[in-house]
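Single-letter residue listing:
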Amino acid sequence: DFSATFGDVPLYYPELTGRWLVPDVRWFPLTSSPTVVVDALLEGPSAWLEDAVTSGALSGTELTANGVRNSGGSTVIDLKRRALEASPTQRQVLLVQLRATLAESARVLSFAVGEVTVTVEQARYEIPQNTAAMPRPAEELGLDARPVVLDAQNRLARLDGLRSTPVLGLPALSPDATH
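About the cut-offs
Note on numbering: residues in each chain are counted from 1, in written sequence order. Reporting of local features is limited, given that this is a predicted model, to residues whose pLDDT is at least 70; pairs of side-chain atoms are given and counted only at 80 or more, and all residues count toward the totals for whole chains, interfaces and linings. Side-chain calculation: all heavy atoms of the structure are included, whereas hydrogens and water are not. Secondary structure elements are taken from DSSP: a helix is a run of H or I of four residues or more, a strand is a run of E of two residues or more, and numbering for both begins at the N terminus. Each residue's exposure class comes from its accessible area (1.4 Å probe, protein chains only) as a fraction of the maximum for that residue type: buried when under 20%, exposed when over 50%, partly exposed otherwise. For this analysis, residues touch if any pair of their heavy atoms sits within 4.5 Å. Throughout this description, the term nonpolar core refers to a set of buried Ala, Val, Leu, Ile, Met, Phe, Trp, Tyr and Cys residues connected via side-chain atoms within 4.5 Å. A pair of strands is labelled paired if DSSP reports no fewer than 2 bridges between them. As a rule, the C-alpha atoms of each element are fitted with a line to give its axis, helices using only the stretch in contact, and angles between N-to-C directions run from 0 to 180 degrees. The pLDDT score gives, residue by residue, the confidence of the prediction method on a 0 to 100 scale. Working rule for angles: under 35 degrees goes down as roughly parallel, over 145 as roughly antiparallel, 65 to 115 as roughly perpendicular, anything else as oblique. Helix crossings fall into two classes, left-handed where the near helix is turned counterclockwise from the far one by less than a right angle and right-handed where it is turned clockwise. Any residue outside Ala, Val, Leu, Ile, Met, Phe, Trp, Tyr, Cys, Pro, Asp, Glu, Lys and Arg is labelled polar, Gly included; the first ten of those are nonpolar and the last four are charged.

Draft legend 1. Quick peek at the environment of L109. Locating L109 in the fold gives a position in helix α3 (residues 88–109). Residue class for L109 comes out buried when judged on its relative accessible area of 5%. The spatial distance from the C-alpha of L109 to the C-alpha of V96 is 20 Å, given a sequence separation of 13 residues. Ignoring sequence-local partners within four residues, the contact set of L109 consists of V9, F28, P29, L30, S32 and V37.

Here it is in structure tokens:
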């Protein structure tokens, strides 16, 4: 019943070198709107991941009451004034995070995204267009994006939906392993 009601959506955050986007998989009701997903992205990564990633969104960056809306086939994300304090690089990174996150969430939650535009209180938000050094999804490296978990037999396993599959070639960990 859970998988018929919820979908796993990766929220993307750049790892500390800024080269790759790392998925932070969260579960959302299949009826969730893009606003719910963007709110979660702006709140930051899960506690277990926060020391390994960063974000283009400054702490305290929030959506306005207009939040996320579809306008003429594109998605407009309207942020509060705090976003104006971000550097040009942080603005670029946030746009990359939003595009990657919304593309994946649209697939899972069945909504249209189109081009992603960011505004601040419905005014233009200057984001430099130089994207040569912007982070890219880690999947481009051929890495497995599924979360790694510790299963009931103390083995590292990949989580695929509600099922875990042990990572081949690795021994079980000690019973006191937690991280």
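Now that the structure has been shown, the text picks up again.
Draft legend 2. Summary view of the nonpolar core. Judged by nonpolar contacts, the single largest core of 33 residues is most densely connected at L11, V38, I77, L79 and L98. Considering every element that reaches this core, the biggest residue donor is α3, with seven residues.

Draft legend 3. Here's a closer look at the sheet that holds strand β5 (residues 116–120). Sheet architecture is open: four strands sit in the order β3-β4-β5-β6, paired in mixed fashion. Edge positions in the sheet fall to β3 (63–71) and β6 (123–124), since each of these pairs with one other strand and no more. By the bridge criterion, five bridges tie β3 to strand β4 (residues 74–79) in an arrangement that is antiparallel. Paired with R69 across the two strands is V76, which belongs to β4. Set on the sheet, α3 makes contact with β4 and β5; between it and β5 the angle comes to about 130°.

Draft legend 4. Region of interest: the sheet that holds strand β7 (residues 136–137). The strand order across the open sheet built from three strands is β1-β2-β7, with neighbouring strands paired in mixed fashion. Every other strand in the sheet has two partners, leaving β1 (6–14) and β7 as the edge strands with one partner each. Bridging between β1 and strand β2 (residues 20–29) involves nine bridges; their strand directions are antiparallel. Residue pairing for β2: Y13 is matched across the bridge by V22. The strands touched by helix α2 (residues 34–43) within the sheet are β1 and β2, with β1 carrying the most contacts at an inclination of about 40°.

Draft legend 5. Highlighting the confidence of the model for the protein. In this model, the protein carries an average pLDDT of 88, and 93% of its residues clear a pLDDT of 70 or more. The least confident element of the protein is β7, whose mean pLDDT is 74; the most confident is α2, at 96.

Draft legend 6. How the structure looks around α2. Among all positions in α2, only P34, V37, V38, A40, L41 and L42 are buried. On its buried face, α2 is in contact with β1, β2, β3, β4 and α3. Two residues or fewer after α2 comes G44, characterised by a positive phi angle close to 105°.

Draft legend 7. Just unusual backbone geometry, in detail. Residues other than glycine seldom take positive phi values, yet Q122 does so here, at roughly 65°. Position of Q122 among the secondary structure elements: in the loop between β5 and β6. Since its relative accessible area comes to 53%, Q122 is described here as exposed. The phi torsion at N154 lies on the positive side, around 60°, for a residue other than glycine. Considering the arrangement of structural elements, one finds N154 in the loop between β8 (148–150) and β9 (156–160). On the basis of relative accessibility, which here comes to 16%, the residue N154 falls in the buried class.

Draft legend 8. Looking closely at the environment of G73. With respect to the helices and strands, the residue G73 is situated in the loop between β3 and β4. Distance in space between the C-alpha atoms of G73 and S33 is 16 Å, their sequence separation being 40 residues.

Draft legend 9. Inspection of the packing of α2 against α3 at higher detail. Interaxial distance between α2 and α3 falls to 10 Å at its minimum, and their mutual angle equals 140°. The orientation of α2 with respect to α3, classified from their angle, is oblique. Between α2 and α3 the crossing geometry is right-handed. Contact residues: P34, V37, V38, L41 and L42 in α2; L94, Q97, L98, T101, L102, S105 and L109 in α3. Partitioned by chemical class, the residues of the contact of α2 with α3 number nine nonpolar, three polar and no charged.

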